[in-house]
Number of protein chains: 2
Amino acid sequence: MAGFLACDWGTTNLRAWRLDDDGAVLDHRDFALGVAKLAPGEAERRFHADVRPQMEAEGLPAILCGMVGSTLGWKVAPYVECPIGLEGLRSGLLEVEDGVLIVPGLKGPGLNGAPEVLRGEETQVFGWMAGKDDRQRGRRVVCHPGTHAKWVVLEDGRVVRFLTAMTGELYDVLRRHSVLRSDAAVDDGNAFLEGVAAAGDGDALATSLFTTRTRVVAGSLPAKASNSYLSGLLIGAEVASVPPLLDLPPETTVALIGEPVLCQWYTAALATRGFTSTFHDGDQAVIAGLTALHRGALS
Amino acid sequence: MAGFLACDWGTTNLRAWRLDDDGAVLDHRDFALGVAKLAPGEAERRFHADVRPQMEAEGLPAILCGMVGSTLGWKVAPYVECPIGLEGLRSGLLEVEDGVLIVPGLKGPGLNGAPEVLRGEETQVFGWMAGKDDRQRGRRVVCHPGTHAKWVVLEDGRVVRFLTAMTGELYDVLRRHSVLRSDAAVDDGNAFLEGVAAAGDGDALATSLFTTRTRVVAGSLPAKASNSYLSGLLIGAEVASVPPLLDLPPETTVALIGEPVLCQWYTAALATRGFTSTFHDGDQAVIAGLTALHRGALS
């Protein structure tokens, strides 16, 4: 039996692929086994009892990335330090049992002396670069929108630094639990761009957030557009404030990796600041990253 | 029977005082009748059934401020427009029944064309000025820390503008519902000031918030100090970002009106930006404001 088992095992979900050694997908399945729901020891047990047999991957090598390598997961794969390239990441692979590897997360300098950490996005970043010589040359910027958006700066194929913005989580707690709560869909492009504009340079977020409510009360924003506006405010504040922290010049192209609809909103917000962006599917990036790591681990 | 019944009737609570016509307190009681908990029509009913008899204020004139004048309350007392002085506010008093007045909220220009509104703080602001000639001269700045902090700019005794910062609500939803959740008390002055410093100029809040987690993970912030740090971050971002929006020069003295402990944290954060501050009790301010409005309504 050829190929290997590749898993993106995160907080809320486990996405598994059986791949051939070139990374072609032979089978794919999602499992409701996010590490946030697992008891201690359960990750290993469920991997053997559920994932391997259902993926018809008994006896195949396996490589796992994401929160499975955290204190909540199977076993801690200690962070590796930036700057780091693919070989450095590979040397941090943790073999939890014969033929089962966990990808380590990355650690780097954050704001004001605080550290920054990520786990899972490193595999997407190296997958995005794999086999693409131009992406491994010069300065490149990757952004992963999501609960904790990650902005990653690459130089000549190495991750040199990254920053996190809690944009998705702020959106979620505000729309669920605050005076701004609403079940409205994010589907109004005009309201989204009004929110981006209202974010200004990203300062005074606690003040601009309140305009979500006052605009609805004043009748200048329809209640059904309030989450579009709120999303625009938060993403607008992020795209205004993070690039200066990373010294990104306006001509920077930002490679967005993630969920297509969310990436489209980022594209629209980035455009208002003069940034161009490209879109790259998150699943393809993780498959390519796990394949590149597997290939090197074989050799 | 002399005097009047004065109520600060907000979202979560009703604070009632029986006062003589000079504002001296004859009786005080709190009622768990915040308008957020009341059914339509219930405010009026409970006022007659519970508040008046328990306060021994049958037949006395009454004056009520706060959310009781909103759509959630007894009846809507329409916002009056800034700039506005005490006489203007008084002319907006809504008589909901013979001898029962509701104080209107204020409306003014906010950020980026959005309006700003407040309801309840206007009474404290005019109470803070009542009988103090110096506070009615020149430019003065009042800050009301809280769920929705209000910064109010006065010129020669009139409210000319104000802004809201959702600082308290952000703190609350983050400490309850986010990855930063914690039951820790806000009691560590050093961690608070580290948070204030980490807030920088108040930009990139979604990024600096994440340092609450990474500092704990890295061991540089004790878990039991994480809410002190988080509070410092949010209040720090507010005191860094709101004063420039209101064109406040560094030599401005900020009059803090509200809960004593919270005001002390604001004093510490304001000091790091070079602002001096003074503290004024919220209850005394609302009593003085309702007394000033009652006195004029009598004459």
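Up top is the structure.
Residues numbered from 1 in each chain as written. Chains lettered and ligands numbered in written order. Predicted model: local features only at pLDDT ≥ 70, side-chain atom pairs only at ≥ 80, totals over all residues. Heavy atoms only, no water.

Trainee: Is there a simple way to think about helix α3 (residues 121-129) of chain B in this case?
Mentor: For an α-helix, the turn length of 3.6 residues means that residues three or four places apart are oriented alike. The buried count for α3(B) comes to nine of nine residues, which makes it a mostly enclosed element. For α3(B), the complete set of buried residues consists of B:Glu121, B:Glu122, B:Thr123, B:Gln124, B:Val125, B:Phe126, B:Gly127, B:Trp128 and B:Met129. (Buried < 20%, exposed > 50% of the residue type's maximum accessible area, 1.4 Å probe, protein only. Helix = DSSP H or I, 4+ residues; strand = E, 2+ residues; numbered from the N terminus.)

Trainee: It is not clear to me how the relation of the copies chain B and chain A should be interpreted in this structure. Could you clarify?
Mentor: Two chain copies here: they are related by a rotation about an axis and a translation along the same axis. Aligned on chain A, chain B shows an RMSD of 0.0 Å; the corresponding rotation is 180° and the shift along the axis is 0.0 Å. Such values leave the two copies arranged in the relation of a two-fold axis. Looking at the rotation axis and the C-alpha trace of chain B, the residue lying nearest is B:Asp203, at 1.9 Å. Most of the interface of chain B is mirrored in chain A: 100% of its interface residues are interface residues there too. (Least-squares fit on C-alpha atoms with pLDDT ≥ 70 in both. Contact = heavy atoms within 4.5 Å.)

Trainee: Whenever I open this one, the sheet that holds strand β1 (residues 4-9) of chain A confuses me. Can you help?
Mentor: Either a parallel or an antiparallel arrangement is found when strands of a sheet pair, and the pairing is made through backbone hydrogen bonds. All names here are of chain A. Spatial ordering of the open sheet is given by β3-β2-β1-β4-β7-β6, a layout of six strands whose pairing is mixed. Each of the sheet's edge strands pairs with one partner strand only, and the pair in question is β3 (25-31) and β6 (94-97). For this sheet, the mean angle separating the axes of adjacent strands, direction not counted, is 20°. Note: strand β4 (residues 62-65) against strand β7 (residues 100-102), three bridges, orientation parallel. Across the sheet, residue alanine 62 finds its bridge partner in β7, namely valine 100. Sheet strands touched by helix α1 (residues 42-54): β1, β2 (14-19), β3, β4, β6 and β7. Its angle to β1, the strand with the most contacts, is close to 130°. (Pairing = 2+ DSSP bridges. Axes fitted to C-alpha atoms, helices over the stretch in contact; angles between N-to-C directions.)

Trainee: I'm lost on the sheet that holds strand β8 (residues 106-109) of chain B in this one. Help?
Mentor: All names here are of chain B. Spatially, the three strands line up as an open sheet ordered β5-β8-β9, and their pairing is mixed. Of all strands in the sheet, those with a lone pairing partner are β5 (80-81) and β9 (115-118), marking the two edges. Sheet topology note: the β8/β9 ladder contains four bridges and is antiparallel. Residue pairing across strands places leucine 106 opposite leucine 118, the latter belonging to β9.

Trainee: Looking at this structure, I do not really get the packing of helix α7 (residues 226-245) of chain A against helix α8 (residues 260-272) of chain A. What am I missing?
Mentor: A pair of packed helices is captured by two measures, namely the crossing angle of their axes and the spacing between those axes. Residues and elements named next belong to chain A. Contact geometry for α7 and α8: axes closest at 9 Å, N-to-C directions at 55°. For the element pair α7 / α8, the angle class is oblique. The hand of the α7/α8 crossing is right-handed. Between α7, through Ile235, Glu238 and Val239, and α8, the contact on the second element is made entirely by Leu262, Trp265, Tyr266, Ala269 and Leu270. Looking at the contact of α7 with α8, its residues break down into seven nonpolar, no polar and one charged. (Parallel < 35°, antiparallel > 145°, perpendicular 65-115°, else oblique. Left-handed = near helix turned anticlockwise from the far one by under 90°. Nonpolar A, V, L, I, M, F, W, Y, C, P; charged D, E, K, R; others polar.)

Trainee: What is the right way to read unusual backbone geometry from this model?
Mentor: Of all residues except glycine, most have a negative phi; of all peptide bonds, most are trans. A cis amide bond, omega -5°, links A:Cys82 with the succeeding residue A:Pro83. Residue placement: A:Pro83 occurs in the loop between β5 (80-81) and α2 (86-91). At B:Asn112, a residue that is not glycine, the phi angle is positive and equals roughly 50°. Structurally, the position occupied by B:Asn112 is in the loop between β8 and β9. Accessibility expressed as a relative area gives 48% for B:Asn112, which makes it partly exposed. In this structure, B:Ala204 takes a positive phi of about 55° despite not being glycine. The residue B:Ala204 is located in the loop between α5 (189-199) and α6 (205-218) in this model. Given a relative accessible area of 4%, B:Ala204 falls into the buried group.

Trainee: Please clarify how the environment of A:Ala62 should be interpreted in this entry.
Mentor: Residue and element names in this part refer to chain A. Summarising the element assignment, alanine 62 is placed in strand β4. The class for alanine 62 is buried, based on a relative accessible area of 3%. Through-space distance from the C-alpha of alanine 62 to that of aspartate 98 is 9.4 Å; in sequence the pair is 36 residues apart. Sequence-distant contacts of alanine 62, that is, excluding residues within four places in its chain, are made with Leu5, Phe47, Arg52, Gly99, Val100 and Leu101.

Trainee: Help me understand the packing of aromatic side chains, please; the structure alone is not making it clear to me.
Mentor: The geometry of an aromatic ring pair comes down to the distance between the two centres and the angle between the two planes. Residues and elements named next belong to chain A. Applying the stated criterion across every chain yields a total of six aromatic pairs over all chains. Judged by centre distance (6.4 Å) and plane angle (25°), the rings of tryptophan 9 and phenylalanine 47 are stacked. Taken together, the positions of tryptophan 9 in strand β1 and phenylalanine 47 in helix α1 put the pair 38 residues apart, joining distant regions of the chain. Each member of the pair, tryptophan 9 together with phenylalanine 47, is buried. Judged by centre distance (5.3 Å) and plane angle (55°), the ring pair of phenylalanine 47 and tryptophan 74 falls under tilted. Linking phenylalanine 47 in helix α1 with tryptophan 74 in the loop between β4 and β5, this pair joins segments that are 27 residues apart in sequence. Of the aromatic side chains, those joined through ring pairs into one cluster are Trp9, Phe47 and Trp74. Sitting above the plane of the tyrosine 79 ring, arginine 119 keeps its charged end 4.4 Å from the centroid. (Phe/Tyr/Trp six-rings, centres within 6.5 Å; stacked < 30°, edge-to-face > 60°. Lys NZ or Arg CZ within 6 Å of the ring centre and 35° of its normal.)

Trainee: Which parts of the structure should I look at to understand the pattern of salt bridges?
Mentor: For side chains of opposite charge, pairing can occur when their charged atoms come near one another. Considering all chains together, one arrives at 22 salt bridges over all chains under this definition. One salt bridge in this structure joins B:Arg15 and B:Asp30, with 2.7 Å as the shortest N-O distance. Placement of B:Arg15 in strand β2 (residues 14-19) and of B:Asp30 in strand β3 (residues 25-31) is noted, with a sequence separation of 15 residues between them. Put simply, B:Asp50 and B:Arg46 hold a salt bridge, and the shortest N to O gap is 2.5 Å. One end of the pair is B:Asp50 and the other is B:Arg46, both in helix α1 (residues 42-54) and four residues apart, which spans about a single turn. If you follow the salt bridges from partner to partner, you end up with A:Arg15, A:Asp30 and A:Asp283 in one network. (Salt bridge = Lys/Arg side-chain N within 4 Å of Asp/Glu carboxyl O.)

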